[in-house]
Amino acid sequence: MATVFRTLSGPRLIRLLKSDNREGRDYVPNFLESSGDKFMQVIHACWSISWWSSPVIMTVLYRRGYFSHEGMVSLSKFLFSVGVVYAGAFCLRGLGRLTNPDYTLFINILIQVLQSPTASAKRALHHYDFEFWAWPVDFKWNETSESKGERVGRSKIQAAVDRRQKSPWLAALPVRALSYCAIHTFGRRMVYPGATSLMQTLIGNMLNQGRASLIEEKKGKRAKVLTEDNNEIDTMFVDRRRPGSGHSHGNTLVVCCEGNAGFYEMGCSGTPLECGFSVLGWNHPGFAGSSGVPFPDSEQKAIDAVMTYAIYGLGFQPDSIVIFAWSIGGYSASWAAMNYPDVKYVILDATFDDALPLALTQMPSSMAGVVTTAMKTYMNLNIADQLLKYPGPIKLIRRVRDEIIATEKTPAMTSVLSSNRGNHLLIRLLQYRYPKIVDSDTTPLLEQYLSGTRQHQDSLMMEHLVVMEECEAKLRSYAHDISPAYPMLIGDEERPAVRKQLTLYLAYRYMEDYDSTHCTPLPAAYLSAPWSPVG
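Residues numbered from 1 in each chain as written. Predicted model: local features only at pLDDT ≥ 70, side-chain atom pairs only at ≥ 80, totals over all residues. Heavy atoms only, no water.

Enquirer: What am I meant to see in the overall build of the chain here?
Expert: Looking only at helices and strands, one finds 21 helices and twelve strands in the chain. Taken over C-alpha atoms, the radius of gyration comes to 26 Å for the chain, in line with the 24 Å a tight globule of 535 residues would show. Taking the principal axes of its C-alpha atoms as reference, the chain extends roughly 85 × 65 × 50 Å. Within the span of the chain, comprising 535 residues, buried residues form 48% of the whole. Long-range contacts, defined as pairs at least 24 residues apart, comprise 74% of the intrachain contacts of the chain with a sequence gap of at least 6. For the chain, the computed accessible surface area is about 26000 Å², with 58% contributed by carbon and sulfur atoms. The averaged location of the 51 negative side-chain charges in the chain is 6 Å from the averaged location of its 54 positive side-chain charges. (Helix = DSSP H or I, 4+ residues; strand = E, 2+ residues; numbered from the N terminus. Rg over C-alpha atoms; globule rule 2.2 N^0.38 Å. Buried < 20%, exposed > 50% of the residue type's maximum accessible area, 1.4 Å probe, protein only. Contact = heavy atoms within 4.5 Å. Areas by Shrake-Rupley, 256 points an atom, 1.4 Å probe, with all protein chains shown as cover. Lys, Arg positive; Asp, Glu negative; His and termini not counted. Charge placed at Lys NZ, Arg CZ, Asp CG, Glu CD.)

What follows is the structure, given as structure tokens:
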């Protein structure tokens, strides 16, 4: 009976992955299973559309008299008919699965893992790709000491206190109500479109193919990581530590944080894989196999669980971990860097300082108050504030033709480089780390440097007589002889001309330009280690 019940209610089987004794192939349901499944998918899609358009539907039903006694009876009959069709399709799908030997073998392995998770059963289950909600949990966020959990808790409480102090709740009630409705309807979906069912339906086949490629060709290991708020995070680990694997960087793990429409199956993890690193990819809450909704608190708990898994589950020490992020992934990456300050280094590609200025450009100016309140209260993705708390090496990669994180466009609809929010992230970082060098006198020069491409920057450096070796010697000497900690107070006694030279040198070292738009895959050459004055 257990097999029959699991077969009826079990997950969709997507692929029989490549193993020692078989080639990989897509699962082919028989006619009964595919017919029943299609009926169920149509009903699910109609229900989803009805839910989000319910105000319109309720208005139409009311005008047509369906809230009367006779109307309610007719509506009940219709819903009952839909229920009968759904139940019939459910049974039809189950009957088809029971007569399919591929599915019955798979479901028996899944039952065995859930009831008695032996090592051999787990290995056998990893040869199947199926709906991730049915995957057993491989690692839990609290499989460590209690001290780290207390640290995360204090951070969350302090953030809540800060929000209450900044915005008196009763005085701002009308705006807060509109902000809540906006962010929980279209707002959150605009910030994280990858969590919408529409996008995941459109690219579902590509995700399946990308995941199969990672497992079958890269020997990736899929795992479910449970977070503190009980979200299930879909992760993929490619291990390059094996002796004789030919990967010189295999002992370094790159934890990849994807963009707002990126997935580990087809996202930025391709770059570190090309470089020969070990790679741990994960999907944001609500993306593909991961459960939940991508609000900041869930993002924090997700990356915290992923980092815990990397350290305690996969056996990488923090100083062997690199955090690499693309676009909005910089939020979770900077949070991880702030809370795991011993990681090797951080690379942020096409990342901004704060999501609020970008959100304001996408909405009418009349809604600025609502947008500001919504973002600060519910979607406060302030990457710069978090990144400043990380003391290690950092590299920022700026896309010269980035059309997403630039707030201004030319009449030809190309991005204005000076409005790229990555500029603001660099300025904040340098002002914090080198306050005596990058101050009110030199910041205008830094802004001028960031307003142009490499040719313009080289011209400025020649104009100000920047000698790379001399600047580097000054910074390294201070870090070695006085203090390597940030903020570094070097520059207080330097002449204004020298401080300008050091400002341009630091900008050159901390940010690298890539002549591309926002979504172009990053070439492997850009994933080199960041510069550091410590050496």
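Still to come is the rest of the account.
Enquirer: Please clarify how unusual backbone geometry should be interpreted in this entry.
Expert: Trans peptide bonds make up most of the peptide bonds, and negative phi angles are found at most residues other than glycine. In the segment running from Tyr486 into Pro487, the intervening peptide bond is cis, with an omega of 0 degrees. Relative to the assigned elements, Pro487 resides in the loop between helix 20 (468–481) and helix 21 (496–510). Here Asn230, not a glycine, exhibits a phi torsion of approximately 65 degrees, which is positive. Mapped onto the fold, Asn230 is located in the loop between strand 5 (221–226) and strand 6 (232–238). Within the chain, Ala350 stands out as a residue other than glycine whose phi angle is a positive 55 degrees. Looking at the element boundaries, Ala350 is found in the loop between strand 10 (345–349) and helix 14 (355–361). A relative accessible area of 1% places Ala350 in the buried class.

Enquirer: I keep staring at the packing of aromatic side chains and nothing clicks. Help me out?
Expert: To describe a pair of aromatic rings, you give the distance between the ring centres and the angle between the ring planes. Counted under the stated rule, the structure contains 17 aromatic pairs. Their ring planes at 55 degrees and their centres at 5.4 Å tell us that Phe139 and Tyr309 sit as a pair that is tilted. Highlighted residues: Phe139 in strand 4 (residues 139–140) and Tyr309 in helix 12 (residues 296–313), separated in sequence by 170 residues. For the pair shown, Phe139 and Tyr309 are each scored as buried. Aromatic side chains Phe237 and Phe316 sit 6.0 Å apart centroid to centroid with 80 degrees between the ring planes, which places their arrangement in the edge-to-face category. Taken together, the positions of Phe237 in strand 6 and Phe316 in the loop between helix 12 and strand 9 (321–326) put the pair 79 residues apart, joining distant regions of the chain. (Phe/Tyr/Trp six-rings, centres within 6.5 Å; stacked < 30°, edge-to-face > 60°.)

Enquirer: Sorry, what's going on with the pattern of salt bridges here?
Expert: It is possible for side chains of opposite charge to pair when their charged atoms get near one another. Per the counting criterion, the structure on display carries 26 salt bridges. The partner of Glu232 in a salt bridge is Lys224, with the nearest N and O atoms 3.1 Å apart. Here Glu232 falls in the partly exposed class, since its relative accessible area comes to 22%. Asp441 serves as the salt-bridge partner of Arg499, at 3.9 Å between the closest nitrogen and oxygen. Of this pair, Arg499 sits in helix 21 while Asp441 sits in the loop between helix 17 (421–433) and helix 18 (443–450), and the two are 58 residues apart along the sequence. (Salt bridge = Lys/Arg side-chain N within 4 Å of Asp/Glu carboxyl O.)

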